[in-house]
Amino acid sequence: MFWRVLYEIFVIMLVITYAILLSADFSVHPLLTDEVMDQVDLGLISFLVVEYLVRLLRAKDKRKFIISNWFDLVAMIPLDHYFYLARFMRVMRLIRILRASPFLWSIVQSGSMRRVFGVVSMIMLWSSLAIYLLEYGVNDNINSFGDALWWSVVTTTTVGYGDISPVTPGGRIMATILMLTGIGMLGALTANFATHWTELHDKKPRNDQDRLTQELTKQAIRHIQEIDQLTETEYETLKETVDLLYRRTRKEQMDKQKNEVDR
């Protein structure tokens, strides 16, 4: 459990770091150069190759695994020396390392998390656009939509760096709205993150549940085949087993339908 959590944290930091590097402007930075990015890509490809081989060795049906994970193989192809393919391949690798984290990939697939992200993103973009329209040309600190988005993030989190402050009445009204709703939005977001993390790492492995269902099914079939020889006690046990199997399968079907709806 400890190593699994440590791996999740490592991949999350890797995703964030690589996403930041992809958005960085290397032409104005003295340390971030194309050579450094090439080394980062090489290290990332090495990590993805090792991770892929480990999963391949653990797979029961290796042919099926290779076919179903073709995207992973494509993302590991080192085509960065072709300039027009470099950014495309890097975006593919970002998606690939996102898939390497069960937690992050389950967030992408979770309907409830997508709804929470959708609401927060909508409010952030709305407030950023509003403050940009209200403050651009009036406020010397807001010269682009990126400045407005940064202000919205800082205000929503109630950090209040003070580097950007609204000067128009409309801008101050927007700031008030964000400050009042920011705590609630962040609380909902972090609560959903925590719940999702707990459900992912603390739930009982599905293989164990399937194995128990299979054992109960075999036991019930064996008793039914010998029903004419069952004692009263064995017959009562058979009825209880069938009832338990019915409830378990119904619950599994409902959980499966719920997951499909969330996706």
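Above this text is the structure in question.
Residues numbered from 1 in each chain as written. Predicted model: local features only at pLDDT ≥ 70, side-chain atom pairs only at ≥ 80, totals over all residues. Heavy atoms only, no water.

Student: Can you tell me about the overall build of the protein chain, naming the residues and giving the values?
Tutor: When helices and strands are counted, the protein chain shows eleven helices and zero strands. Along the chain direction, N to C, the helices and strands of the protein chain fall in the order α-α-α-α-α-α-α-α-α-α-α. Expressed as a percentage of its 263 residues, the buried residues of the protein chain come to 30%. Across the protein chain, the fraction of contacts at a sequence separation of at least 24, relative to all contacts at a separation of at least 6, is 60%. When the accessible area of the protein chain is evaluated, it comes to approximately 17700 Å², of which 64% is carbon and sulfur surface. (Helix = DSSP H or I, 4+ residues; strand = E, 2+ residues; numbered from the N terminus. Buried < 20%, exposed > 50% of the residue type's maximum accessible area, 1.4 Å probe, protein only. Contact = heavy atoms within 4.5 Å. Areas by Shrake-Rupley, 256 points an atom, 1.4 Å probe, with all protein chains shown as cover.)

Student: Tell me what's going on with the pattern of salt bridges, and back it up with residues and numbers.
Tutor: Scanning all chains against the criterion turns up six salt bridges. Asp72 is the salt-bridge partner of Arg55, the closest N and O atoms lying 2.6 Å from each other. A residue pair is termed long-range when its members are at least 10 positions apart, and Arg55 in helix H2 (residues 34–58) and Asp72 in helix H4 (residues 70–75) qualify at 17 residues. The partly exposed category is assigned to Arg55, whose relative accessible area is 26%. By relative accessible area, Asp72 is classed as buried at 1%. Close ionic contact of Asp72 with Arg96 constitutes a salt bridge, the shortest N to O distance being 3.3 Å. In this pair, Asp72 sits in helix H4 while Arg96 sits in helix H5 (residues 83–99), placing the two residues 24 residues apart along the sequence. Residue Asp72 shares its accessibility class with Arg96, and that shared class is buried. Members of the salt-bridge network, linked through shared partners, are Glu51, Arg55, Asp72, Arg96 and Arg99. (Salt bridge = Lys/Arg side-chain N within 4 Å of Asp/Glu carboxyl O.)

Student: Can you break down the nonpolar core residue by residue, with the values?
Tutor: General note: in soluble globular proteins, nonpolar side chains tend to be found buried as a group. Counting residues in each nonpolar core, the largest one holds 21 residues, and the members touching the most others are Tyr18, Met37, Leu44, Leu48 and Ile97. Within the residue set of this core, elements represented by two or more residues are helix H1 (2–23), H2 and helix H6 (102–109). Here this core takes six residues from H2, the largest share from any one element. Discounting chain neighbours no more than four positions away, the residues touching Met37 are Tyr18, Leu21, Leu22, Phe26 and Arg90. Counting nine residues, the second-largest nonpolar core is a separate cluster that includes Ile142, Trp151, Ile164 and Leu178. (Core = buried A, V, L, I, M, F, W, Y, C linked by side-chain atoms within 4.5 Å.)

Student: Give me the side chain of Thr156: which residues, what numbers.
Tutor: With respect to the helices and strands, Thr156 occurs in helix H8 (residues 145–156). Polar side-chain contacts of Thr156 include one of 2.6 Å to the backbone oxygen of Ser152. Setting aside chain neighbours within four positions, we find Thr156 in contact with Met124, Leu178, Gly182, Ile183, Met185 and Leu186. (Polar contact = N/O pair within 3.5 Å; in protein donor to acceptor, adjacent residues only side chain to side chain.)

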